[in-house]
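Spelled out, the chains give:
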Amino acid sequence: QVQLVESGGGLVQPGGSLRFSCAASGRTFAMGWFRQAAGKEREFVATISYTGDSSYYPDSVKGRFTIARDNAKGTMYLYMNSLIPEDTAVYYCAARKTGATSSDSGNYDYWGQGTQVTVFS
């Protein structure tokens, strides 16, 4: 069983930036970030392959968010820039036991505890 521990997040004004980290206790394959706003379904944010050479994003965050990973440190990152109030949500990191990048939360085997991001004006 792989444990994922998130850090980062918090409060930020519109246009600001935040960084998330997700530390894995064991080996994982593709990893991703999802978010869930109050009263809404969980939403895909970003995914990255094991080697880091493949990643993709939904249009809602493309050009503003960047996913990265450092396998030597067992850590994945999410860099969030130009934040807007619509980015307010609980953010979750996720990892797969095997397999490639995916935007489907059902394909992920391990989940972090979730971290709140609030973008306020």
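Because the structure is predicted, anything quoted here is derived from the model rather than measured.

## Some remarks on the pairing of strand 3 (residues 18-24)
Working step 1: When you tally the buried positions in strand 3, you get five out of seven residues, the bulk of the element.
Working step 2: Here strand 1 (residues 4-8) pairs with strand 3 via five bridges, running antiparallel. When the sheet's bridge partners are listed, glycine 8 is paired in strand 3 with phenylalanine 20.
Working step 3: Sheet topology note: the strand 3/strand 8 (residues 75-80) ladder contains six bridges and is antiparallel. By the bridge assignment for strand 8, phenylalanine 20 is matched with leucine 78.

## So, the side chain of threonine 28
Working step 1: Mapped onto the elements of the fold, threonine 28 is located in the loop between strand 3 and strand 4 (31-36).
Working step 2: Within the structure, threonine 28 has its side chain in polar contact with the side chain of arginine 69 (distance 3.3 Å).
Working step 3: The contact partners of threonine 28, leaving out residues within four places of it in the chain, are Val2, Tyr50, Arg69, Ala95 and Arg96.

## Looking at the state of the cysteines
Working step 1: In total, this model carries one disulfide according to the counting rule given.
Working step 2: The disulfide partner of cysteine 22 is cysteine 93, and the gap between their sulfur atoms is 2.1 Å. Looking down the S-S bond of the cysteine 22 and cysteine 93 bridge, the torsion is 60°, so its handedness is right-handed. In this pair, cysteine 22 is assigned in strand 3 and cysteine 93 in strand 9 (residues 89-95), connecting sequence segments 71 residues apart.
Working step 3: The class of cysteine 22 is buried, set by a relative accessible area of 0%.
Working step 4: A residue is classified by how much of its surface remains accessible, and cysteine 93, at 0% relative accessible area, is buried.

## Digging into the sheet that holds strand 3
Working step 1: The four strands lie next to each other as 1-3-8-7, forming an open sheet whose pairing is antiparallel. Both edges of this open sheet fall to strand 1 and strand 7 (65-70), since each of them pairs with a single strand only. Direction aside, neighbouring strands of the sheet carry axes that sit 15° apart on average.

## Here's the deal with the pattern of salt bridges
Working step 1: Here the structure, examined in full by the defined rule, presents four salt bridges.
Working step 2: We note a salt bridge from aspartate 87 to arginine 64, for which the minimum N-O separation is 2.7 Å. In this pair, aspartate 87 is assigned in the loop between strand 8 and strand 9 and arginine 64 in the loop between strand 6 (55-56) and strand 7, connecting sequence segments 23 residues apart. Each member of the pair, aspartate 87 as well as arginine 64, carries the same accessibility label: buried.

## Regarding the side chain of aspartate 87
Working step 1: Taking relative accessible area as the criterion, aspartate 87 reaches 1% and is therefore assigned buried.
Working step 2: Within the structure, the side chain of aspartate 87 is placed 2.7 Å from the side chain of arginine 64, a separation counted as a polar contact.
Working step 3: If near-sequence neighbours (up to four positions away) are discounted, aspartate 87 is found in contact with Arg35, Arg64, Phe65, Ser82, Val117 and Val119.

About the criteria used
- Residues numbered from 1 in each chain as written.
- Predicted model: local features only at pLDDT ≥ 70, side-chain atom pairs only at ≥ 80, totals over all residues.
- Heavy atoms only, no water.
- Buried < 20%, exposed > 50% of the residue type's maximum accessible area, 1.4 Å probe, protein only.
- Helix = DSSP H or I, 4+ residues; strand = E, 2+ residues; numbered from the N terminus.
- Pairing = 2+ DSSP bridges.
- Polar contact = N/O pair within 3.5 Å; in protein donor to acceptor, adjacent residues only side chain to side chain.
- Contact = heavy atoms within 4.5 Å.
- Disulfide = S-S within 2.5 Å.
- Axes fitted to C-alpha atoms, helices over the stretch in contact; angles between N-to-C directions.
- Salt bridge = Lys/Arg side-chain N within 4 Å of Asp/Glu carboxyl O.

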